[in-house]
Amino acid sequence: AQTVTQSQPEMSVQEAETVTLSCTYDTSESDYYLFWYKQPPSRQMILVIRQEAYKQQNATENRFSVNFQKAAKSFSLKISDSQLGDAAMYFCAYRSPYSGGGADGLTFGKGTHLIIQP
Amino acid sequence: GAVVSQHPSWVICKSGTSVKIECRSLDFQATTMFWYRQFPKQSLMLMATSNEGSKATYEQGVEKDKFLINHASLTLSTLTVTSAHPEDSSFYICSAREPGTAIDNEQFFGPGTRLTVL
């Protein structure tokens, strides 16, 4: 079974600064998908960024980028120019490449609560 | 596009009664839907995976007779919590994906349903 670990229960950053959220995972699969989701107080899960394991290039979405280290099984999220609206819980998630039998459900880390200081 | 709705958003029921939660994909055909449970200030835990027209696949430790899942159409899955007890109080979130399409590797989440059992 796969596991996802987020070792930072809470992070705080000044507005406009950069913050990095950590995520490590454990799997025996060679191909898979990794995601970062944001959950604001409304509790709606919002996809921030995704990475396919077979792609060596790190994914980037505007102010959000990842540092994907496959050998180290690390998948950190960097938020540049932090904004007040970035304040939320951030969850790292893993998905197997296989379908069916529950294999393609997401395995989530425990989350990191991101606080933005004005 | 890719909108998932849930109904109701909040339900309060008495212990011993059953509660049905609906999950609908509004603008795509969701051949696979997932049900997650989230306790306060905790992560999301996959409960079960449902495929249209077939039996759901439950995760280990999830009572299938307690949490009945029906995925009778390509746009609707339902979760029924039978004989609910206070320990079933939680936030239930569904997600959906459409395998074999351009959005295959992404899950789209509903806004969640808060269940309180008195």
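Coordinates for the structure precede this section.
In this report, we go over the structure that sits alongside the text. (Residues numbered from 1 in each chain as written. Chains lettered and ligands numbered in written order. Predicted model: local features only at pLDDT ≥ 70, side-chain atom pairs only at ≥ 80, totals over all residues. Heavy atoms only, no water.)

## Overview of unusual backbone geometry
So, step 1. Here the bond from B:His7 into B:Pro8 is cis, since omega is 0°, no more than 30 degrees from zero.
So, step 2. Tracing the backbone through its elements, the reader meets B:Pro8 in the loop between strand S1 (4-7) and strand S2 (10-13).
So, step 3. For A:Ala16, which is not a glycine, the phi torsion comes out positive at approximately 80°.
So, step 4. With respect to the helices, strands and loops of the structure, A:Ala16 is situated in the loop between strand S2 (10-14) and strand S3 (19-21).
So, step 5. Here the phi dihedral of B:Ser83 falls at roughly 45°; this positive angle occurs in a residue that is not glycine. (Helix = DSSP H or I, 4+ residues; strand = E, 2+ residues; numbered from the N terminus.)

## Description of the state of the cysteines
All names here are of chain A.
So, step 1. Inspection of the entire model under this criterion finds two disulfides over all chains.
So, step 2. With its sulfur 2.0 Å from that of its partner, Cys23 forms a disulfide with Cys92. Where Cys23 bonds to Cys92 through sulfur, the torsion about that S-S bond is close to -70°, and the disulfide is left-handed. Remark: Cys92 occurs in strand S10 (residues 88-95) and Cys23 occurs in the loop between S3 and strand S4 (24-26); sequence separation between them is 69 residues.
So, step 3. For Cys92, a relative accessible area of 1% corresponds to the buried category. (Disulfide = S-S within 2.5 Å. Buried < 20%, exposed > 50% of the residue type's maximum accessible area, 1.4 Å probe, protein only.)

## Side note on the sheet that holds strand S8 (residues 76-81) of chain B
Residue and element names in this part refer to chain B.
So, step 1. Strand order in this open sheet of four strands is S1-S3-S8-S7, and the pairing throughout is antiparallel. What marks the edges here is a single partner per strand, and that holds for S1 and strand S7 (67-73). Sheet twist, expressed as the mean angle between neighbouring strand axes with direction ignored, is 15°.
So, step 2. Bridging between S7 and S8 involves five bridges; their strand directions are antiparallel. (Pairing = 2+ DSSP bridges. Axes fitted to C-alpha atoms, helices over the stretch in contact; angles between N-to-C directions.)

## Quick notes on the pattern of salt bridges
Residue and element names in this part refer to chain A.
So, step 1. Applying the stated criterion to the full structure yields six salt bridges over all chains.
So, step 2. For Asp26, the salt bridge goes to Lys73, with nearest N and O atoms at 3.6 Å. Of the two residues, Asp26 is situated in strand S4 and Lys73 in the loop between strand S8 (64-69) and strand S9 (74-79); the sequence distance between them amounts to 47 residues.
So, step 3. Linking Arg63 and Asp86 is a salt bridge whose minimum nitrogen-to-oxygen distance equals 2.8 Å. Of this pair, Arg63 sits in the loop between strand S7 (60-61) and S8 while Asp86 sits in the loop between S9 and S10, and the two are 23 residues apart along the sequence.
So, step 4. Under the relative-accessibility criterion, Arg63 is labelled buried at 19%. (Salt bridge = Lys/Arg side-chain N within 4 Å of Asp/Glu carboxyl O.)

## Overview of the packing of aromatic side chains
So, step 1. Inspection of every chain in the model, using the stated rule, returns 14 aromatic pairs over all chains.
So, step 2. Residues A:Tyr37 and B:Phe109 carry aromatic rings whose centres are separated by 5.1 Å and whose planes lie at 80° to one another, so their mutual orientation is edge-to-face. Of this pair, A:Tyr37 sits in strand S5 (residues 33-39) while B:Phe109 sits in strand S10 (residues 108-109), each in a different chain. Each of the two residues, A:Tyr37 as well as B:Phe109, counts as buried.
So, step 3. Three or more aromatic residues joined by ring pairs make a cluster, and in this case those are A:Phe35, A:Tyr37, A:Phe91, A:Phe108, B:Tyr36 and B:Phe109.
So, step 4. A cation over a ring is seen here: A:Arg43 above B:Phe91, with NZ or CZ 3.9 Å from the ring centre.
So, step 5. Above the ring of B:Trp10, the side-chain terminus of B:Arg114 is found at 4.6 Å from the ring centroid. (Phe/Tyr/Trp six-rings, centres within 6.5 Å; stacked < 30°, edge-to-face > 60°. Lys NZ or Arg CZ within 6 Å of the ring centre and 35° of its normal.)

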